Every structure is written in C-alpha cells, then in structure tokens.
Amino acid sequence: MKIFFLFTFSTFFWSPFEQAAASVHYDKILTHSRIRARDQGQNVCALQQVMGTKKKYFSTCRNWYQGAICGKKATVLYECCPGYMKMDGMRGCPAVAPIDHVYGTLGIVGATSTQHYSDISKLRGELEGRGSFTFFAPSSEAWEQLNSEIHRNLIDNVNIELYSALHHHMVNKRMLTKDLKNGMTLVSMYNDQKLLINHYPNGVVTVNCARVIYGNQIATNGVVHVIDRVLTAVGNTIQDFIEVEDDLSSLRAAAITSDVLDILGKPGHYTLFAPTNEAFERLPRGLLERIMGDKVASEALVKFHILNTLQCSEAITGGAAYETLEGNTVEVGCDGESLTVNGVKMVKRKDIVTSNGVIHLIDEVLIPDSAKQVTELGGAQQTTFTDLMIQLGLASSLRPEGQYTLLVPLNGAFSDDTLRMDQRRLKTILQNHIINVKVGLNELYNGQELETIGGKLLRVFLYRTAVCIENSCMVRGSKEGRNGFIHILRQIINPAEKTLHEMLRNDKRFSVFLSLVKAADLDDVLSQPGKWTLFVPTNDAFKGLTDDDKDILIRDKNALRNILLYHLTQGVFIGSGFEPGVTNILKTIQGGKLYLKTVNDTLLINELKSRESDLMATNGVIHVIDKLLYPADLPVGNDQLLTILKKLIKYIQIKFVRGSAFKEIPLTFYNPSITQLTKLIEGEPEFKIVREGETITKVIHGEPIIKTYTKIIDGRPVEVTEKKVTEERIIQGPEIKYTRITAGGSDNEEKLKKLLEDEAPVRKEQPTRRTQGGTARRRTRLAYP
C-alpha cells in the first residue's frame, strides 16, 4: 500500500510539470529521444555518448543521423528518461522514480558528492526542510574536475566557503527547464550572485555555461538539475576582465582606439573571442599598423570578435554561423573537446563567464573583410590573379583611400599560354579586370557599363541565376573590403573589339555563312549597333553544298532569310549565364524557337553542341556550331530546296508540304526608328560644291548621341552621361553630294540649286522639313534599337 501511494503521489505531482514543458527546446529534444527509443520499452530515452568520454547528450536530429557530436563518433545508449526507473523483470522503465526532498533527490540522481558536501557543510537541514528550491547540483565528475586549489580551499572551510559555494548553486524557487528562458538572469541564494541562464535551440540548457545533463528531477520541496561543472561566482563585466588581464593588452588598446571597449561594459549577453597578445604579435607589422591607424577598420576588427549572443562551449555540438557586431558572420564549431572558429582550432581557454557574457581566449586575430584592402580579399582559388597584381605593380597602384572593384578570375582561368604572355600584354589583361569605382553585387544591372582603369567599357548582363561581365559569369564569393569589392569570375574577361560582321569577316571558318548573309542583304544587321546572339555554323556545316545549290538558295531570298534568321535572336545570351541542366527557350528573328541548355559546361542548341561559345562582339555574342540550324516545324514546299537541306541537315526530319512558301521577313526588325526634333541654328549656311573625284569632310550637326556609364569624378562614383553633338563624316567622290540645309528659308535652297545647275548633275538628299517661321528646320536622326 505504501509503494502504491508513493507511485500515485509521484505521478500526480510530476504530470502537470511534464505537460507544461512540452513546448520548450530541452523538452522537445527529450521527446525525440523517447520516440527513438520506443522499441526499448516504456519511458526509455535514447542518448548519444561521445566515444572516449563520459559526455552524454539528448541529441538533435542532425547529430543523431550523423552519428557524431563535435566531429567525434558517438555511440547510442538507452536509459530511463528523467523521473522514471526500472522494475525487476519488467521491460523499459515503467515506474516513476521515488520523490523525496532535495537532499534525498541528490542521491536519487547520482549527485552523491554534492549530497556529501551538503551534509558536511550543514546545508542538509535546509535541503530537507520547508521551501521551494532549485538546486543546480554538480555531478561527482564535476567536483573531480574542479581546480585542485579551489577544491582544497572549499574542503578546508566547509562551514563558510563550501556552504556559500553550495548556496551559490541554489535559487529560492522551483524552476523547471521550461521556466529557464534563454538570456534569463536568476539570483542565487548566496549574496544575490547572478546565475546566467541560456536555453539553446539544440536543447542544451546552461547555467553560467555549465550544462544541465540531467534535468527536472522533482523533489517535495523543489527540483534538482544535475550540471557538468562547479559554478564559480560572477561579478565583473567583459570590460572589467579586459582591463585587468595582462595577456589582453593589445586587444585592450585596439578596443580603446575604436571606442568599442565601453560597449563591453554595458549590460548584455555577449560572446567575446579575445585574441591574446601573442596572436597580435603574429600579424604582419604593416597590416596591424594600417588597421590601427584607420578608425573604421579598427572598429570593424574589434567588433568582428564579438557576438551579440552568449555562446557557451558546452552548447556547441556542431558548426553554426553567428552574426558579429561588425555585421558579418563567423562559423563557430567544435572538434572533440576543442572549440573552433571558422574551422580552425584556436581557442586556448573557454567559458570565462562574466556578468554580461562569456569570453573565449583565442590565439589568432580574426580580420573581417571590411578591415581588409580590396587586394587582400582574394581566397585560395584567386591567388594567381592577386600574385600577378603584385608582380605587375598594379596592387601598389591601388590607393587605400580609393574605391575599386576587382573582377577576379579563378586560378583555373589562367592557362599556361596566358601566363607566358609578354608582361605588358598581361598587364593590359589585368587592367581590364579593375574598375575605378566601388560597385557591389546588388548595384549591378542589365545593360550597365563599367569603365576599367585601362579605359575599356565592360557590359553587364543579368540573367535569372547569373550575373555576367562580358563573356565571364560570376561565381559565389563576392566580398566588400575597406576600399572596394571583389567579384569572382569563371573566366578571364575578353572585352569586345569588333562587330559581329567584322568577326565573321576576319575568321575563315565562317566564309560560307558570311557569303549567304551578304546574299540575303543582312550585312547591315550584323554591322549596326544592337544586342544580338548569333549562332554561327562553320564551313563544315556546308560540306556537300555545290555552287549550283548555293545559287538556288540565293535565288530564293525568303527561304534564305528564314534559314539565316533562325540563327539570330534579340538580346545577348552568354552560355554560362544559363542555369545548368535547364532548357531555355529563345525566340529567333525568324519566329521559330531555339532550345538551349548547358550540360557539363557545354552549351547545347537544339541538342547540338556548341564548339566554341561566348565570342564577344560590340553588338552581341557568337556561339559557334558545326551544323546548320533549321526549325523542325517549318515545312519546305520546293523539291530542289528540300534536296539541298537534306544534304546539310541530317539530325532532324524536314517536313515537306508541296506548294508551301516561306514567309517574307522584312528588315524592320532592325531598321532604325525615326525620331524627329526641331533645332534652331543661328547664322547663314555655307555652300560648297564638291567636284567629281574630290574628297570633303562634311560636319553634320545631329541629335546628341547619349551614352551613360559609371565613372569616378573627384573620388566619387557617379553616373556619367556623355553627349556627342556633332559628327564628322568623310564623304568621297566620284558622286557629288551636298550638305543638308539646317538654317534659312527657301531663298537658301534656291541659291544651292542655282550653284548646282552650273555643275555636273548631283544626287540630292531628301530635303529637310521647314519649321515655323522658316528659321528652323525639323531634322531626322537614325536611332538604332
């Protein structure tokens, strides 16, 4: 009957607390542990124990499925969940653990050393008496790990020192894990000393950075939480600790210089990764002097070592990114017993608890990108570019107070042939990757032009999943430094020098295609300003094409234009700008569709491989193919043409519909639109007759040509708008031409006609239209799309 009463009372007493705790991290993790162990019986929890240690964890899903904690293999243990116990001959843990006062509960949870010290320090009577207490009880292993000198002093003075130390582990009210909120501060029963509580998302609960390893053991007069270390008194702030710690004098000087030290004296929950003096001494002297001489950089440096959250070492069971006061993140993780920062074991001493946070001493100085010069931002995959910058004297030419953007190709982009180039040529190539203005990734837009320090204008192309500068697209890794940005590119940038037409004309591989372009009167399309993507078949695509076949094609201009314009699309599409493995549909000028995708860095057009892609022109880009493209849904109605196309195209079945004709494609798709303006020009026009065979330079005062790009003016990036208000053209004989009339009335026209009548016949240009009053003329300007 007595056992039954104890069982019933315990169940009644525990259940409300257990139910209320269901929504807290610790209790959620505990619930997961129950689920994982449900095959082991009732009220059994699954834990992970780090091999070679006594550390046990109710694990997160991540740690559980990895089978490791802090990179170390963990074995699975099955134990009774807190508050339950085994019964002889029965599976699982069917019995509720006995409920007793706090002193007796210390024995139930195995905190026998704490129970013993409570006895000899005369604390036992209080723990057995009336009240409602929370006891954070150090495990027996925790007492063994305590500094031997401190341990001895406590034992030597049990009535005062030991008694006070144990009171420091107690709170004068019951606090279950559900009540222990992250960032909470409790007042202990010793001299109102603070206890800093943290409750982490991974279920770890700490008090002054000691981890609760066995929580929520209910007692008749409170609750016991077993912790993994003995708590020491906390009094000073992080600022106080820095000011008195001799090994942190360099950090102290940097914090004072940057006005950050006062922040660490204010209330909060900070984590400071504090570099020792030795860590500062290992920095290159010039680097440290430059940063300390720049208040902005020094402030960034110090703040990069501070988290605005309190991260105890025992709460870190895997890597995670944490935001610093500087604004960027650091990766804090663990490797066995060691704490790591950005993957490096650098923590010499951990968990120095203060009243407003925790300090971990490290033996390396963390330098944020914001404190670095732009030339120092490159990583291990960009060393070729940065080394060449130094060798060619470009790095030293970038002023610390300047503003730059470096477009840095990966190491693999530099071939042996490139590296063997003449140094002057190599320097020119690198200059094409340095922008004289600071431009972040989120400031780039499609159609933007960036001026390099070499005077080249680079075009920006923005796609759904890529940003490209000319022929080279960015990879992840853009960074902002003290005096600029760095963007990582796949390839070396090749700025465009020639038009599409000039590129075809200068490459013998494309002679057949170019001759067909000329026959179709499409030369101007590829010569004029524009934004085109051209898929160019090499001469190999026309193998078997006889002169007679070619004549037949040329005679049917509609057919020829349909075929050629199926190779041309509006817009500049860089091959590496396409999302890999995804089909991209482009509408051609002919009206049909092209299906493009990249597979293993190879561009496929209608499943045909591009032999060479991303040849940049001033008015577009060329992708080289070795097959003639043809729209699969476009029928042929001519037997001769069908025979010719079957010679050239064998990868698809060409449709034949007798009598069908190709549609006419007018050249309006590229023809310049006509805009009009009225412009007043003072004075009388001058007339001059040019005789046959003579040469004259004619100045035409036209509509301003407007070009906008980013440029540095007085040290600041601005959008510059250039306007060309005049244009000089050399007009040669033998035809006689005359300048267009831009001022005056009908009398001037009559003068010109009279002069011309006395000379050889001339070809007259279309006369300009008269404006109001006859003193101004409405002129036309060709505006190319």
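Residues numbered from 1 in each chain as written. Predicted model: local features only at pLDDT ≥ 70, side-chain atom pairs only at ≥ 80, totals over all residues. Heavy atoms only, no water.

**A look at the sheet that holds strand 31 (residues 584-587)**
Basically, it comes down to this: Following DSSP output, two strands are said to pair if at least two bridges run between them. Secondary structure is summarised from DSSP: a helix means a run of H or I of at least four residues, a strand means a run of E of at least two, and numbering begins at the N terminus for each. Only the stretch in contact is used when fitting a helix axis, every axis being a line fitted to C-alpha atoms; angles between N-to-C directions are given from 0 to 180 degrees.
One open sheet accounts for 7 strands, arranged 30-29-35-34-33-32-31; its pairing is mixed. Two strands lie at the open edges of the sheet, namely strand 30 (568-570) and strand 31, each paired on one side alone. Across the sheet, the axes of successive neighbouring strands diverge by a mean angle of 30°, strand direction being ignored.

**Structural notes on empty space enclosed by the protein**
To keep things clear, this is the line we draw: Cavities and pockets were defined on a 1 Å grid built from protein atoms only: a cavity is a group of points that admits a 1.4 Å probe but offers it no way out, a pocket is an open group of points flanked by protein on both sides within 12 Å along at least five of seven lines, and a lining residue is one with an atom within 4 Å of any such point. Grid points are joined across faces, edges and corners, and a volume is the space filled by probe spheres set on the points. When residues are sorted by character, Ala, Val, Leu, Ile, Met, Phe, Trp, Tyr, Cys and Pro go into the nonpolar class, Asp, Glu, Lys and Arg into the charged class, and all the rest, Gly among them, into the polar class.
Scanning the model with the defined rule gives 5 cavities of 30 Å³ or more in all. In this structure, the second largest cavity encloses a volume near 70 Å³. Forming the boundary of the second largest cavity are Phe-513, Val-517, Leu-522, Val-525, Leu-526, Leu-534, Leu-564, Leu-565 and Leu-568. Mapped onto the lining of the second largest cavity, the elements with two or more residues apiece are helix 20 (511-519), helix 21 (523-527) and helix 23 (557-565). Its residues placed into classes, the lining of the second largest cavity shows 9 nonpolar, no polar and no charged.

**Here we look at the environment of Ser-613**
Condition: Two residues form a contact once any of their heavy atoms are found within 4.5 Å.
Residue placement: Ser-613 occurs in strand 34 (residues 608-617). Residues Ser-613 and Leu-603, spaced 10 residues apart in sequence, show a C-alpha to C-alpha distance of 7.4 Å. With near-sequence residues (within four places) excluded, Ser-613 lies in contact with Leu-603, Ile-622 and His-623.

**Let's talk about the packing of aromatic side chains**
Put simply, the test is: Here a pair means two rings of Phe, Tyr or Trp (six-membered ring of Trp) with centres within 6.5 Å. Their orientation is stacked below 30 degrees between planes, edge-to-face above 60, and tilted elsewhere. The classification of residues rests on relative accessible area computed with a 1.4 Å probe and restricted to protein chains. Under 20% of the type maximum is buried, over 50% is exposed, and intermediate values are partly exposed. Comment: the charge-over-ring label is applied if NZ (Lys) or CZ (Arg) is within 6 Å of the ring centre and within 35 degrees of the ring normal.
All told, the structure shown has 5 aromatic pairs when counted by the stated rule. Ring geometry for Tyr-117 against Trp-143: centres 4.6 Å apart, planes inclined by 70°, an arrangement best described as edge-to-face. With Tyr-117 in helix 5 (residues 112-120) and Trp-143 in helix 7 (residues 140-145), this residue pair connects regions lying 26 residues apart in the sequence. Judged by its relative accessible area of 11%, Tyr-117 falls in the buried class. Each member of the aromatic cluster is reached from another via a ring pair, and the members are Tyr-463, Phe-573 and Phe-578. Sitting over the face of the ring of Tyr-57, Arg-211 holds its NZ or CZ atom 4.0 Å from the ring centroid.

**Describing the sheet that holds strand 15 (residues 306-307)**
Strand order across the open sheet formed by 4 strands is 15-14-21-20, with mixed pairing between neighbours. Both outer strands of the open sheet, strand 15 and strand 20 (347-354), are each paired with one neighbouring strand and no more. Both strand 20 and strand 21 (residues 357-362) contribute to a ladder of 5 bridges, which runs antiparallel. Bridge pairing in strand 21 links Val-347 to Ile-362.

**Section: the pattern of salt bridges**
A side chain with one charge can pair with a side chain of the opposite charge if their charged atoms come near. Selection rule: Salt bridge criterion: a side-chain nitrogen from Lys or Arg within 4 Å of a carboxyl oxygen from Asp or Glu.
Scanning the model with the defined rule gives 35 salt bridges in all. The partner of Glu-278 in a salt bridge is Arg-282, with the nearest N and O atoms 3.4 Å apart. As a salt-bridge pair, Glu-612 and Arg-509 come within 3.2 Å of each other at their nearest N and O atoms. Residue Glu-612 is located in strand 34, and its partner Arg-509 is located in the loop between helix 19 (500-505) and helix 20; the two are separated by 103 residues in the primary sequence. Among the charged side chains, a network of salt bridges with common partners joins Lys-55, Arg-211, Asp-228, Arg-229, Glu-314, Glu-337 and Asp-351.

**As for the pairing of strand 14 (residues 270-275)**
Of all 6 residues making up strand 14, 6 are buried, and the element is well covered by its neighbours. Neither face of strand 14 is left uncovered, since the one carrying Tyr-270, Leu-272 and Ala-274 and the one carrying Thr-271, Phe-273 and Pro-275 both have all their residues buried. Two elements, strand 14 and strand 21, share 6 bridges in a ladder whose sense is parallel. Opposite Leu-272, over in strand 21, you have Ile-359 as the bridge partner. Here strand 14 pairs with strand 15 via 2 bridges, running antiparallel. What sits directly across from Thr-271, in strand 15, is Leu-307.

**Topic: the state of the cysteines**
The condition that has to hold: Whenever a pair of cysteine sulfur atoms sits within 2.5 Å, that pair is classed as a disulfide.
Applying the stated criterion across every chain, the model contains 5 disulfides. Covalent S-S linkage joins Cys-45 and Cys-81, the inter-sulfur distance amounting to 1.9 Å. When the S-S torsion is 105°, as for the bridge of Cys-45 with Cys-81, the disulfide is right-handed. Linking Cys-45 in strand 1 (residues 44-50) with Cys-81 in the loop between strand 4 (72-80) and strand 5 (84-85), this pair joins segments that are 36 residues apart in sequence. Note on accessibility: Cys-45 and Cys-81 belong to one class, buried. Put simply, Cys-70 and Cys-334 are joined by a disulfide, and their sulfur atoms are 1.9 Å apart. On the sign convention where negative is left-handed, the bridge of Cys-70 and Cys-334, at about -90° about the S-S bond, is left-handed.

**Quick notes on the confidence of the model for the protein chain**
Definition in use: The pLDDT value expresses, per residue, how confident the predictor is, ranging between 0 and 100.
Scored by pLDDT, the protein chain has a mean of 85; 82% of the residues are at 70 or more. Across the protein chain, strand 7 (residues 133-138) holds the top mean pLDDT of 98, while strand 42 (residues 777-783) sits lowest at 36. A low-confidence stretch, residues 725-746 stays under pLDDT 50, and its non-local contacts, those more than four residues away or across chains, total 69 contacts. Between residues 759-785, whose pLDDT stays under 50, and residues either more than four places distant or in other chains, the model counts 77 contacts.

**Quick look at the pairing of strand 4**
Taken together, the 7 bridges between strand 1 and strand 4 define a ladder with antiparallel strand orientation. Residue pairing across strands places Gln-49 opposite Thr-75, the latter belonging to strand 4. Sheet topology note: the strand 3 (residues 68-69)/strand 4 ladder contains 2 bridges and is antiparallel. Looking at the pairing, Ala-68 lines up with Lys-73 of strand 4. Here strand 3 folds back onto strand 4, and the loop between the two strands holds 2 residues, one of which, Cys-70, carries a positive phi near 55°.

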